Amino acid sequence: MDNHKDIIIIGGGAAGFFAAINIAERNPNLTVSLLERGKEGLQKVKISGGGRCNVTHAEFVPSDLVTNYPRGEKELLGPFHTFMTGDTIDWFEKRGVELKVEEDGRMFPVSDSSQTIINCFLEESKKHGVEILYGQPVTSFSKVDEMFLVITKDNQFSCNKLIIATGSNSKIWNLLKGLGHTIIKPVPSLFTFDICDVRIKDIPGVVAEDVEVKVVDSNLVSHGPLLITHVGMSAPAILKLSAFGALELAKRNYNFDIQINFIRYEAESCKSILKTAKLQLAKKNVVNTPQFDLPKRLWKNLVVASDVSDNTKWADMNKKQLEKLSIQLTEAIFHVTGKSTFKEEFVTAGGVDLKEINFKTFESKLISNLYFAGEVINVDAVTGGFNFQNAWTGAYIVSQSV
């Protein structure tokens, strides 16, 4: 068959390109072909981080880095000792792409444009002779003797080693199932919460800097900034909860209660601080004197929700009102009625069962010479560049293995 390649990579995203370039650079004598179903590749790279491409995260200790992966924490520890954030930065810098760190630890190209990353990948692919074939949706692949047969819409190929880097693609998952792999059913991860509640209805855009959010009747809890949106709540406190709770919240059909501590104080400590305010601010209106560094508009709504009228002075706050306000500040319950995709960062929990992958090589334990990189496996992360780091690490180790 004239369409024989040494290595075929299915999927022209971050992991696919990174694997192809590193393989071709290491082994210039191998024929490396990348099959992409679309007219162009790297679509997720293009839109990530609002078109700036959140390449990785400034976390340089493997044991800390893995805590950002609700699925894959244990499995990625070894791989991150082989290739992680520092190696990613180094890899791009050697190829003329400088990265910078933002305050929250996210890392972007200095150009603030994802096109910089795309251009780098396309140039490196060309330089190392990677064959990129667009418009090649794969309809089947199978192993015949020691070779793989890969059939696309209008071509067929054979190869010695096959790398699957297709991200969350149900067609490919079904083909892998046909080869005997277990696929963990995908559910959405990284989403915002839909909440219709008078306490947040008229204040979209307000941020509470450091809150604790718990899902009622579960062990799910997270901390961080919370953003009130037109439809509910977002920002890291919510997104982390959605990632770590992806399976549990899917089971609940995205209908559940959360308890929010807006100030990270116990109710009793909160009450004694409010009692001090009652003495010190006696003549002032409660709604106009926010405590605990809370945003004015959020404070006002929580005060009103505690049955305190607009013109109540601190001196006139009775025991019951102080009690209610401390509960609103530390144990407020909100009902979640659904979810919304977080910006363009659609991430799923699910994919090839991690038990069936050798994490020293990212090779299938069931089928020799079949490798995986990126989100096709059951690994996902919180927002901030971590999903890309998983792609770079897996793809790099695959390139070492083959």
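Look a little higher up for the structure.
Quick notes on the rules
- Residues numbered from 1 in each chain as written.
- Predicted model: local features only at pLDDT ≥ 70, side-chain atom pairs only at ≥ 80, totals over all residues.
- Heavy atoms only, no water.
- Pairing = 2+ DSSP bridges.
- Helix = DSSP H or I, 4+ residues; strand = E, 2+ residues; numbered from the N terminus.
- Core = buried A, V, L, I, M, F, W, Y, C linked by side-chain atoms within 4.5 Å.
- Buried < 20%, exposed > 50% of the residue type's maximum accessible area, 1.4 Å probe, protein only.
- Contact = heavy atoms within 4.5 Å.
- Axes fitted to C-alpha atoms, helices over the stretch in contact; angles between N-to-C directions.
- Parallel < 35°, antiparallel > 145°, perpendicular 65-115°, else oblique.
- Left-handed = near helix turned anticlockwise from the far one by under 90°.
- Nonpolar A, V, L, I, M, F, W, Y, C, P; charged D, E, K, R; others polar.

Enquirer: Outline the sheet that holds strand 5 (residues 106-109), supporting the account with residue identities and numerical values.
Expert: One open sheet accounts for three strands, arranged 3-5-4; its pairing is antiparallel. Edge positions in the sheet fall to strand 3 (56-57) and strand 4 (99-101), since each has one partner strand and no second. With two bridges joining them, strand 3 and strand 5 adopt antiparallel strand pairing. Note that in strand 5 the partner of Thr56 across the bridge is Met107.

Enquirer: Lay out the nonpolar core in plain terms, naming residues and giving numbers.
Expert: Ile9, Phe92, Phe121, Leu162, Ile164, Leu176 and Ile377 are the most contacted members of the largest nonpolar core, which has 82 residues in total. Broken down by element, the residue count for this core peaks at nine residues, all from helix 1 (residues 14-26). What Phe121 contacts, discounting residues up to four positions off in sequence, is Ala14, Phe17, Phe18, Ile21, Leu42, Trp91, Phe92 and Trp392.

Enquirer: A description of unusual backbone geometry should follow, citing residues and the corresponding values.
Expert: Phi at Ala235 takes a positive value of approximately 80°, unusual for a residue other than glycine. Even without being glycine, Phe362 reaches a positive phi, approximately 65°. Relative to the helices and strands, Phe362 is located in the loop between strand 19 (357-358) and strand 20 (363-364). You can call Phe362 buried: its relative accessible area is 0%.

Enquirer: Break down the packing of helix 11 (residues 296-305) against helix 12 (residues 319-330) for me, with residues and values.
Expert: Contact geometry for helix 11 and helix 12: axes closest at 8 Å, N-to-C directions at 135°. Put simply, helix 11 runs oblique to helix 12. Between helix 11 and helix 12 the crossing geometry is right-handed. Contacts from Trp299, Leu302, Val303 and Ala305 in helix 11 reach Leu325, Gln328 and Leu329 in helix 12. A class-by-class count of the residues in the contact of helix 11 with helix 12 yields six nonpolar, one polar and no charged.

Enquirer: Tell me about the sheet that holds strand 14 (residues 232-234), residues and numbers included.
Expert: Here we have seven strands laid out as an open sheet, ordered 16-15-12-13-14-11-17, and antiparallel in their pairing. Looking at which strands have only one partner, the edges of the open sheet turn out to be strand 16 (332-336) and strand 17 (338-341). Direction aside, neighbouring strands of the sheet carry axes that sit 40° apart on average. Of the pairings in the sheet, the one linking strand 13 (residues 221-228) to strand 14 comprises two bridges and is antiparallel in character. For Leu227, the partnering residue across the bridge sits in strand 14 and is Ser234. Lying over the sheet, helix 8 (residues 236-244) contacts strand 11 (191-194), strand 12 (207-215), strand 13 and strand 14, oriented at roughly 130° with respect to strand 13. Across the sheet, helix 12 lies against strand 15 (256-261) and strand 16, angled at about 110° from strand 15, the strand it touches most.

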